[in-house]
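Now for the letters of each chain:
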Amino acid sequence: MQRWLFGLLAALTAGPAVAADPAVRLLVPAYFYPAGKGVKEWERLISTATKAPVVVIVNPDSGPGKNGDPNYSALVEQMAAAKIDMVGYVTLGYAKRPMADVKADVDQWKKLYPDVGGVFFDELPSVKHQAAFAAEAFAYVREKRPTGHLLANPGTNCDRSYLDAKGDATLCLYEGKDAFAKWQPPAWAKRERTCVLVYGVAKADWPGVYDRAKAKAAWLLVTDAGEKAPWEQLPTYWEELVAAAKKEK
């Protein structure tokens, strides 16, 4: 039998191709100001962020602020030069914030910090009857930024309609501490569009928490910072996290 026929038979009888799991992205809520002690944290972040898939949430003033901050402008330019992915913080106020204000923040990010390529919506509602509010915000981002990352954080499992909304937002379905060992994503969740943010994890425990997190979500961060200010510093084991994510790059 000729080789081409063997190849044809193999192709016809082979099972469907199995796609590889997406690599882990470290999603960093970098809510430390780039001055004083915060400078060292940013230096740690920037010096290592190119070694693994890292996406940085930039947040000058619970959003972009009314005017550009020179310290943040310089920082964003530095990260852009290093080709670090960035998303800008915008709060939805659990659907209580006026939509006009939400859209204004999206526009302000593009105006003040054009190198910030995506949006991170915080305080996303989670129930079905408020999904239309989120869908409008998602659609507006996609109108303004068709290709940037779009993430949204209810901090808990939400209704499936948020996943199905136009815009293909990645959803942070867990943000917290003690309950992560028992947390399970809903059956409809897609790993490549799921994020978890786990804080209060001791240095001795982070590898196990990291392994559980990456099995559930392709976007994650694990930190030993406490509940009162979990995102105002990097994990003390940040470099180890980067090394772990680098192996899967």
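Residues numbered from 1 in each chain as written. Predicted model: local features only at pLDDT ≥ 70, side-chain atom pairs only at ≥ 80, totals over all residues. Heavy atoms only, no water.

Turning our attention to the overall build of the protein chain. Counting secondary structure elements, the protein chain contains eight helices and eight strands. A compact globule built from 249 residues would reach a C-alpha radius of gyration of about 18 Å, and the protein chain, at 20 Å, matches this within 12%. Expressed along its principal axes, the backbone C-alpha trace of the protein chain runs to roughly 75 × 40 × 40 Å. The buried share of the protein chain, taken over its 249 residues, is 47%. Within the protein chain, contacts between residues separated by at least 24 positions form 70% of all contacts whose residues are at least 6 apart in sequence. Carbon and sulfur atoms form 53% of the exposed surface of the protein chain, whose accessible area is close to 12,500 Å². (Helix = DSSP H or I, 4+ residues; strand = E, 2+ residues; numbered from the N terminus. Rg over C-alpha atoms; globule rule 2.2 N^0.38 Å. Buried < 20%, exposed > 50% of the residue type's maximum accessible area, 1.4 Å probe, protein only. Contact = heavy atoms within 4.5 Å. Areas by Shrake-Rupley, 256 points an atom, 1.4 Å probe, with all protein chains shown as cover.)

A word on helix H8 (residues 238–247). All of the buried residues along H8 are Trp-238, Leu-241, Val-242, Ala-244 and Ala-245. Down the axis of H8, the buried set is contained in an arc of 160°. They therefore lie on one face. Exposed and facing more than 90 degrees away from the buried side of H8 are Lys-246 and Lys-247. Against the buried residues of H8 lie strand E1 (25–30), helix H2 (37–49), strand E2 (54–58), helix H7 (206–216) and strand E8 (219–222). (Arc of directions from axis to C-beta.)

Okay, the confidence of the model for the protein chain next. Per-chain confidence: the protein chain averages 92 in pLDDT, with 91% of residues scoring 70 or above. Long-range and interchain partners of residues 1–20, a stretch whose pLDDT sits below 50, account for two contacts in this model, where long-range means more than four residues apart. (pLDDT = per-residue confidence, 0-100.)

All told, the structure shown has eight salt bridges when counted by the stated rule. For Asp-168, the salt bridge identified is with Arg-193, shortest N-O distance 3.8 Å. Of this pair, Asp-168 sits in the loop between helix H6 (161–164) and strand E6 (170–176) while Arg-193 sits in the loop between E6 and strand E7 (194–198), and the two are 25 residues apart along the sequence. Among the residues examined, Asp-168 registers a relative accessible area of 52% and is labelled exposed. When the shortest N-O distance is used, the salt bridge between Asp-211 and Lys-214 registers 3.8 Å. Residue Asp-211 and its partner Lys-214 are located together in helix H7, separated by three residues, close to a single helical turn. Judged by its relative accessible area of 41%, Asp-211 falls in the partly exposed class. On the basis of relative accessible area, Lys-214 is assigned to the partly exposed category, the value being 25%. Within the structure, one salt-bridge network assembled from shared partners comprises Glu-41, Arg-44 and Glu-239. (Salt bridge = Lys/Arg side-chain N within 4 Å of Asp/Glu carboxyl O.)

Quick look at the packing of aromatic side chains now. For any two aromatic rings, the description comes down to two numbers: the centre-to-centre distance and the angle of the planes. Counted by the stated rule, this structure contains 12 aromatic pairs. Relative to Trp-231, the ring of Tyr-199 has its centre 5.9 Å away and its plane inclined at 80°; by these criteria the two rings are edge-to-face. Of this pair, Tyr-199 sits in the loop between E7 and H7 while Trp-231 sits in the loop between E8 and H8, and the two are 32 residues apart along the sequence. Under the relative-accessibility criterion, Tyr-199 is labelled buried at 11%. Centre to centre, the rings of Trp-206 and Tyr-210 are 5.9 Å apart; their planes meet at 80°, and the pair counts as edge-to-face. Of the two residues, Trp-206 and Tyr-210 both sit in helix H7, four residues apart, roughly one turn of that helix. For the pair shown, Trp-206 and Tyr-210 are each scored as buried. One aromatic cluster is present, built from ring pairs that chain together Tyr-31, Tyr-89 and Phe-120. We note Arg-212 situated over the ring of Phe-180; from NZ or CZ to the ring centre the distance is 5.2 Å. (Phe/Tyr/Trp six-rings, centres within 6.5 Å; stacked < 30°, edge-to-face > 60°. Lys NZ or Arg CZ within 6 Å of the ring centre and 35° of its normal.)

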